[in-house]
Amino acid sequence: MRKVILGLAVSLDGFIEGPNGEYDWCFTDQDYGMSEFFKRIDSIFMGRRSYELVQKMHGSQEPANNPYAHLQLYVFSNTLKKADVKTFLIGGDIKKQVNEMKKQQGKDIWLFGGANLTASFMNHGLVDELGLAVHPIILGAGKPLFQGIDKLIELTLTDTKTYSSGLVSLNYSVNHK
């Protein structure tokens, strides 16, 4: 069965965006394991706002312009009415739809963002692993990694890696009950 992996950058004080939505604090000076991660996945899940941000940044689905062009893209939204031709829109009962997708053939699936979608996935027990790139930066304010989680979720640490920049990669499996 395919796994859903929540993978993202987070500040030391737990924010995934700065107070004005900025993410320019994320380190880009080295690979930080992303090449290996991309070998594990063939699909990406994101919410409407994340999708619109990626479209604004990369525009095209051509690999030269969009680092995610080789992935099957699923956008979760109840308000977005159309997306580009290579993108599937998902609305309604996400638990049922994601569980069906997890049963299909393929590699694992990257849960890219945003915060509301992450909370929904966590609350529905749809996330199997977490990969957090903890940056040695304190933002002081912004969008927290976890908000609106309605239950205790136990995790098991599966791997760590410390980089020369001070970034620490933490990998957890979710203990589904």
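Summarised in this report is the structure supplied together with it. (Residues numbered from 1 in each chain as written. Predicted model: local features only at pLDDT ≥ 70, side-chain atom pairs only at ≥ 80, totals over all residues. Heavy atoms only, no water.)

## Side note on unusual backbone geometry
Here comes step 1: Along the chain, Gly-113 connects to Gly-114 via a cis peptide bond; the corresponding omega equals 15 degrees.
Here comes step 2: With respect to the helices, strands and loops of the structure, Gly-114 is situated in the loop between strand 6 (108–113) and helix 4 (115–123).
Here comes step 3: Look at Tyr-32: it is not a glycine, yet its phi comes out positive at around 55 degrees. (Helix = DSSP H or I, 4+ residues; strand = E, 2+ residues; numbered from the N terminus.)

## Observations concerning the pattern of salt bridges
One side chain can pair with another of opposite charge once the charged atoms of both are near each other.
Here comes step 1: Here the structure, examined in full by the defined rule, presents eight salt bridges.
Here comes step 2: In this structure, Lys-103 engages Glu-100 in a salt bridge whose closest nitrogen and oxygen atoms are separated by 3.8 Å. With Lys-103 and Glu-100 both in helix 3 (residues 94–103), this residue pair falls three residues apart, about one helical turn.
Here comes step 3: For Glu-100, a relative accessible area of 42% gives the class partly exposed.
Here comes step 4: Three or more residues are tied together by salt bridges with common partners; here these are Lys-3, Arg-40, Asp-108 and Glu-129. (Salt bridge = Lys/Arg side-chain N within 4 Å of Asp/Glu carboxyl O. Buried < 20%, exposed > 50% of the residue type's maximum accessible area, 1.4 Å probe, protein only.)

## So, helix 3
Here comes step 1: Of all the residues in helix 3, the buried ones are Ile-94, Val-98, Met-101 and Lys-102. Relative to the axis of helix 3, the buried residues are bounded by an arc of 100 degrees and lie together on one face. Facing away from the buried side of helix 3 by over 90 degrees, the exposed positions are Lys-96 and Lys-103.
Here comes step 2: Along its buried surface, helix 3 packs onto strand 1 (4–11), strand 3 (41–47), strand 4 (72–76), strand 5 (87–90) and helix 4. (Arc of directions from axis to C-beta. Contact = heavy atoms within 4.5 Å.)

## A closer look at the sheet that holds strand 7 (residues 129–135)
Strand-to-strand pairing in sheets goes through backbone hydrogen bonds, with the strands running parallel or antiparallel.
Here comes step 1: The eight strands are arranged 5-4-3-6-1-7-10-9 in an open sheet whose pairing can be described as mixed. The open sheet has two free edges, formed respectively by strand 5 and strand 9 (155–162), since each of these has just one partner strand. Averaged over neighbouring strand pairs, the angle between their axes works out to 25 degrees when direction is ignored.
Here comes step 2: With four bridges joining them, strand 4 and strand 5 adopt parallel strand pairing. Across the sheet, residue Val-75 finds its bridge partner in strand 5, namely Leu-89.
Here comes step 3: Sitting on the sheet, helix 3 is in contact with strand 1, strand 3, strand 4 and strand 5, with an inclination near 165 degrees to strand 4. (Pairing = 2+ DSSP bridges. Axes fitted to C-alpha atoms, helices over the stretch in contact; angles between N-to-C directions.)

## Considerations on the nonpolar core
Here comes step 1: Phe-45, Phe-76, Val-98, Leu-111, Phe-121 and Val-127 are the most contacted members of the largest nonpolar core, which has 26 residues in total.
Here comes step 2: For this core, the secondary structure elements donating two or more residues are strand 1, strand 4, helix 3, strand 6, helix 4, strand 7 and strand 10 (168–174).
Here comes step 3: In this structure, Leu-71, Leu-73, Leu-80 and Trp-110 belong to the second largest nonpolar core, which totals 13 residues. (Core = buried A, V, L, I, M, F, W, Y, C linked by side-chain atoms within 4.5 Å.)

## Comments concerning the side chain of Ser-11
Here comes step 1: With respect to the helices, strands and loops of the structure, Ser-11 is situated in strand 1.
Here comes step 2: Within polar-contact distance, the side chain of Ser-11 engages the side chain of Asp-13 at 2.5 Å.
Here comes step 3: In this structure, Ser-11 is in contact with Trp-25, Val-134, His-135, Ile-137 and Leu-139, ignoring residues within four places of it in sequence. (Polar contact = N/O pair within 3.5 Å; in protein donor to acceptor, adjacent residues only side chain to side chain.)

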